[in-house]
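Analysis of the macromolecular model
Spelled out from the first residue to the last, the chains are:
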Amino acid sequence: MNIAILVVNWNGEEFLKQCLASVVEASDASKHICSVVVVDNNSKDGSIEFLKENFQEVEIVENESNLSFCSYNRVVERLDCEIVILLNNDLKVDKHFIDPLVAPFEGEEDLFFTASKCYDFDEANKTYSGSKTRINLKWGILYGDARYPGHEKFIDQKGYTLSTGFGAFDRKKYVELGGYDDLYLPGRVEDIDLCYRGWKRGWKAYYIPESVVYHIGQATYHKMYGVSRTYVITHRNGFLFVWKNITDMRLILGEHLFLLFPRLIFSMFKGDFAFISGFLEALKFLPAALKRRKKVIPTFKKRDKEIMDLV
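Here's a quick rundown of the structure. (Residues numbered from 1 in each chain as written. Predicted model: local features only at pLDDT ≥ 70, side-chain atom pairs only at ≥ 80, totals over all residues. Heavy atoms only, no water.)

1. Considerations on the state of the cysteines
- Counted by the stated rule, this structure contains zero disulfides.
- Between Cys-34, a free cysteine, and Cys-81, which holds the nearest cysteine sulfur, the sulfur-to-sulfur gap is 9.9 Å.
- The class for Cys-81 is buried, based on a relative accessible area of 11%. (Disulfide = S-S within 2.5 Å. Buried < 20%, exposed > 50% of the residue type's maximum accessible area, 1.4 Å probe, protein only.)

Below you can see the structure in the form of structure tokens.
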């Protein structure tokens, strides 16, 4: 198979120095034909100069603005390959992570994506951080997590996963879905949205524990917006996800609307103003979310509860 490995970058020279060599090494070690592309979102920190000086074999796509994961979309559209592997710039990969990650695509036409086993960046301790992810509504809002109670017994087992922030995707299916949705810019939750739309379209996804990566985690967003602002954006986009994608009325009425206002009151007394601010900001984007909802609903083939119960 032909595989393109895309690494998104914004002012991440320090991460590229730590991680990109492992990606190039893995592409060389794979039995497949692999190319590595850095998609740079208008970095100002010396990332481009570092790449040109140290990684002549890597293609560089320079964007004029920072569109976060949405910057993948145009690049993926123009590629001529079967599989795209989408990575963050703060991911160090195992030398042999590619082949087990893409192997399932060779026999299953309805497969949309596969996800690697992810550890924290400390390779010595190997603390699991994902990507066998489940999704549900908790206290009225989106809840996606790979370290839920009892997850430990599944870490080394192949199985379904509902979302991944980095993994291998069927390129044609990615393009058919329209890629990442700019509704969620500057980012957060857009990865869950993309993967979940694939599931609701009737496709599936696997967690592949034989494929291993190491993630610094949240480094770019915290660097760009700070921890508090990142939480506000995450809550805002969680609401937008529900308003756009959830179609089971029991979940909308019973899990979301019925519990939403008690949760807002609770957050006020608790002093969780990030949640309240996220909700208020989400209301501004409600018309856009409903417009997208109208567009995607005709493509959905599976019910929300059916999908959420898989993991």
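2. Some words on the packing of aromatic side chains
- All chains considered together, the criterion is met by 17 aromatic pairs.
- Ring centres 5.9 Å apart and planes at 25° place the aromatic pair Tyr-119 and Tyr-214 in the stacked group. Of this pair, Tyr-119 sits in strand 6 (residues 111-120) while Tyr-214 sits in strand 12 (residues 204-215), placing them 95 residues apart in sequence.
- Between Tyr-160 and Tyr-206, the ring centres sit 5.6 Å apart and the planes meet at 5°, which makes this aromatic pair stacked. Here the residue Tyr-160 occupies a position in strand 10 (residues 159-160), and Tyr-206 occupies one in strand 12, the gap between them amounting to 46 residues.
- In this structure Tyr-160 comes out as partly exposed when scored by relative accessible area, which is 31%.
- A residue is classified by how much of its surface remains accessible, and Tyr-206, at 10% relative accessible area, is buried.
- A connected cluster of aromatic rings, assembled from ring pairs, spans Phe-69, Tyr-72, Phe-112, Phe-113, Phe-169, Tyr-174, Tyr-180 and Trp-203. (Phe/Tyr/Trp six-rings, centres within 6.5 Å; stacked < 30°, edge-to-face > 60°. Helix = DSSP H or I, 4+ residues; strand = E, 2+ residues; numbered from the N terminus.)

3. A closer look at empty space enclosed by the protein
- Here the structure, examined in full by the defined rule, presents one cavity of 30 Å³ or more.
- There is about 30 Å³ of room inside the largest cavity.
- Together, Asn-73, Glu-77, Tyr-174, Val-175, Gly-178 and Gly-179 line the largest cavity.
- Secondary-structure elements contributing two or more residues to the lining of the largest cavity are helix 3 (72-78) and helix 5 (171-177).
- The residue makeup of the lining of the largest cavity, split by class, is two nonpolar, three polar and one charged. (1 Å grid on protein atoms, 1.4 Å probe; cavity = no way out; pocket = protein on both sides within 12 Å on 5 of 7 lines; lining within 4 Å. Points joined across faces, edges and corners; volume = space filled by probe spheres on them. Nonpolar A, V, L, I, M, F, W, Y, C, P; charged D, E, K, R; others polar.)

4. Describing the pairing of strand 9 (residues 141-145)
- Examined bridge by bridge, strand 8 (residues 134-138) and strand 9 share five bridges and lie antiparallel to one another. Bridge assignment links Arg-134 to a residue of strand 9, and that residue is Asp-145.
- Connecting the antiparallel pair strand 8 and strand 9 is a turn made up of two residues, with Trp-139 showing a positive phi of about 55°. (Pairing = 2+ DSSP bridges.)

5. A word on unusual backbone geometry
- The amide bond that connects Leu-185 to the next residue, Pro-186, takes the cis arrangement and shows omega of 10°.
- With respect to the helices, strands and loops of the structure, Pro-186 is situated in the loop between helix 5 and helix 6 (190-201).
- One non-glycine residue, Asn-42, lies in the positive phi region at around 65°.
- You can see Asn-42 is positioned in the loop between strand 2 (33-40) and helix 2 (47-54).
- Residue classification places Asn-42 among the partly exposed positions, given a relative accessible area of 27%.
- For Val-189, which is not glycine, the phi dihedral falls at a positive 75°.
- Relative to the assigned elements, Val-189 resides in the loop between helix 5 and helix 6.
- According to the relative accessible area criterion, Val-189 is buried, its value standing at 9%.

That's the geometry; what it means functionally is another story.
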